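What follows is each chain in one-letter form.
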Amino acid sequence: MANYTGGSAEAEHLCVLVHGLWGNPNHMANIAKGLREQYSDDKLHILIAKRNSGSFTYDGIELGGERVCLEIEEELQIIESKGGKIKKLSIVGYSLGGLVARYAIGLLYAKGVLDQLECMNVTAFASPFLGVRTPLRGWANQVWNVLGARTLSESGRQLFTIDSFRDTGRPLLAVLADPNSIFMSGLAKFKRRTLYSNIVNDRSAVYYTTGIAKTDPYTDLSKIKVNYVKGYEDVVLDPVNPVSPRPAVETQPLAARLRGWVSKVPFILALTVLLPIATVGFLITSLVQTVRSSKRIRLHEKGLAGINTETYRVPLLIKEIRGAVEDAYGNLNSSQNQEYLGLSDIEETDADADADADGSGSRPADEEEARNPDPDPDSGAGVGVGAGGKCASRMILARERRQSQPEQPTLALTPHQFAMVEALDRVGWRKYPVWIHGHRHSHAAIIVRMDKAAFAEGKVVLRHWLGEEFLF
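Just so we're clear, the structure is a prediction, and the values are computed from it rather than from any experiment.

Asks: Could you give an account of the pattern of salt bridges, naming the residues involved and the relevant values?
Replies: The full count for this structure, using the stated rule, is 14 salt bridges. Because the salt bridges share partners, they merge into one network encompassing R192, R430 and E469.

Asks: So what's going on with a positive patch on the surface? Residues and values would help.
Replies: Together, R292, K295, R298 and K302 make up a region of like positive charge exposed at the surface. Looking at the element boundaries, K295 is found in helix α9 (residues 254-301). For K295, a relative accessible area of 49% corresponds to the partly exposed category.

Asks: Lay out the pairing of strand β2 (residues 44-48) with the relevant residues and their values.
Replies: The buried fraction of β2 is high, at 5 of 5 residues. Residue alternation in β2 divides its side chains into two sets, L44, I46 and I48 and H45 and L47, and both sets are buried. Pairing geometry for strand β1 (residues 13-18) and β2, over 5 bridges, is parallel. Its bridge partner being in β2, L17 is matched across the sheet by I48. At this point the chain moves from β1, through helix α1 (residues 29-38), to the parallel β2, and the crossover so formed is right-handed.

Asks: Outline the packing of helix α2 (residues 61-81) against helix α3 (residues 96-110), listing residues and values.
Replies: With their axes 8 Å apart at the nearest point, α2 and α3 run at an angle of 60° to one another. The angle between the axes of α2 and α3 places the two elements in the oblique class. The chirality of how α2 crosses α3 is right-handed. Contacts between α2 and α3 pair I61, E62, G64, G65, E66, V68, C69, I72 and E73 from the former with L96, L99, V100, Y103, A104, L107 and L108 from the latter. Taken together, the residues of the contact of α2 with α3 sort by class into 11 nonpolar, 2 polar and 3 charged.

Asks: Outline the nonpolar core, listing residues and values.
Replies: The nonpolar side chains of a soluble globular protein tend to be buried with one another. L89, I91, Y103, L424 and W429 are the most contacted members of the largest nonpolar core, which has 67 residues in total. Broken down by secondary-structure element, the contributors of at least two residues to this core are β1, α2, β3 (88-94), α3, β4 (118-125), α6 (172-176), α7 (182-188) and α14 (415-427). For this core, the leading source of residues is α3, giving 9 residues. Among all residues touching Y103, those that are not within four sequence positions of it are I61, E62, G65, F165, R166, L172, L176, F183 and L316. With 36 residues, the next largest nonpolar core counts I46, Y94, F125 and A444 among its residues.

Asks: Give a detailed account of the sheet that holds strand β5 (residues 192-198), specifying residues and quantitative values.
Replies: Strand order in the open sheet made by the 6 strands is β2-β1-β3-β4-β5-β8, with parallel pairing throughout. Strand pairing shows two members of the sheet lacking a second neighbour, β2 and β8 (430-434), which therefore form its edges. Taking each pair of neighbouring strands and ignoring which way they run, the sheet shows an average axis angle of 15°. Sitting on the sheet, helix α16 (residues 456-469) is in contact with β3, β4, β5 and β8, with an inclination near 165° to β5.

Conventions used here
Residues numbered from 1 in each chain as written. Predicted model: local features only at pLDDT ≥ 70, side-chain atom pairs only at ≥ 80, totals over all residues. Heavy atoms only, no water. Salt bridge = Lys/Arg side-chain N within 4 Å of Asp/Glu carboxyl O. Patch = residues over 30% accessible without salt bridge, like charges linked within 9 Å, V, L, I, M, F, W, Y side chains within 5 Å. Areas by Shrake-Rupley, 256 points an atom, 1.4 Å probe, with all protein chains shown as cover. Lys, Arg positive; Asp, Glu negative; His and termini not counted. Charge placed at Lys NZ, Arg CZ, Asp CG, Glu CD. Helix = DSSP H or I, 4+ residues; strand = E, 2+ residues; numbered from the N terminus. Buried < 20%, exposed > 50% of the residue type's maximum accessible area, 1.4 Å probe, protein only. Pairing = 2+ DSSP bridges. Right-handed = clockwise from strand over helix to strand, strands pointing away. Axes fitted to C-alpha atoms, helices over the stretch in contact; angles between N-to-C directions. Parallel < 35°, antiparallel > 145°, perpendicular 65-115°, else oblique. Left-handed = near helix turned anticlockwise from the far one by under 90°. Contact = heavy atoms within 4.5 Å. Nonpolar A, V, L, I, M, F, W, Y, C, P; charged D, E, K, R; others polar. Core = buried A, V, L, I, M, F, W, Y, C linked by side-chain atoms within 4.5 Å.

If you want it as structure tokens, here you go:
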């Protein structure tokens, strides 16, 4: 990667790339190559974060963010020692790396580093901003949410939002999206915030969480017509008008439907045989890595892992087998079905909310304000779900259920997740849904995680980002 990372002393723009869970720097190679083809080394300095490689991603978003923050600070110092001076900063996160990057941004903001730089781009590819818990309805989803949260060490607890972060009494992801946090203040300093999310076949992070959405219009693609961005057809959807209703069509003949089912038989059989084996391997590996991760976290907290933790413990609020393991996790995750809020939920929670509100409940946010891409970052607007927030939680659920439409029912998210959507939307994101047709593993294809012909559609995504979204 030496050919397309780094940069010369003349480069004034630093772009940092952060890989995801079970990842390594090589996963970001094609993003780095694309950047280097567009910008020479005397224009752009490229840093691919390295300290969170492999099983180190089990150690949690906080520890990962501290490592990335340290790498960025060290890189700035090295560049300056060679006579260079970075004036602009961009950060790109993939999958879990998007959350780690947001944590690092908060630390850089708290330490005053961002005040010395022109903050340009924050980009997330398939990053689970709302966590990875399945919208919870039914025993199967409950089992998965309990099992999944406990097989990835601290990262699992945080991704499934069952952790209580420091002394906040809230999950880390909720704090990460708190309008009054260093994380959101840091995020608001960047000129452009862009995300790309897969609409199908992302077995690691489904659309609602990567797209920061309360609904999922892509659950039945036979009922909609997909609209693409001109010049990026069949891959990148129009963010303003991604879908429209599809005219009713005649039911497929029985023979055609049977052929469709028969074509899926080999995949179903393979899944039936391989999934139990992969699941056992995944659980054993997860147990081993969780034990190792716990030891690393303890050493880190004691300052024995090469990082002075006191430097990063700032106030948060302003006022190999790895591929098989990942596949097993993805197959288990994708086997869960999303659930939605029903009429009985609406009526029940409305009654609870009205009783709790005491006549002084909050009003729904204005729809136009929620779509505003450039809000005032200092306004303090947003909803937090903290201590004493039982009433607020019910109010949030009631509002979301009232706003649910029959054609796009609201997902059965938690109060914390609804609050995250509201706060993250208010800071403003340019959201691009992506449809990868050529491969079942769209989570890897969206960034062309490895050079293979089946991931070619991911190059269209990267071309769109470089040509239309990346501010230099």
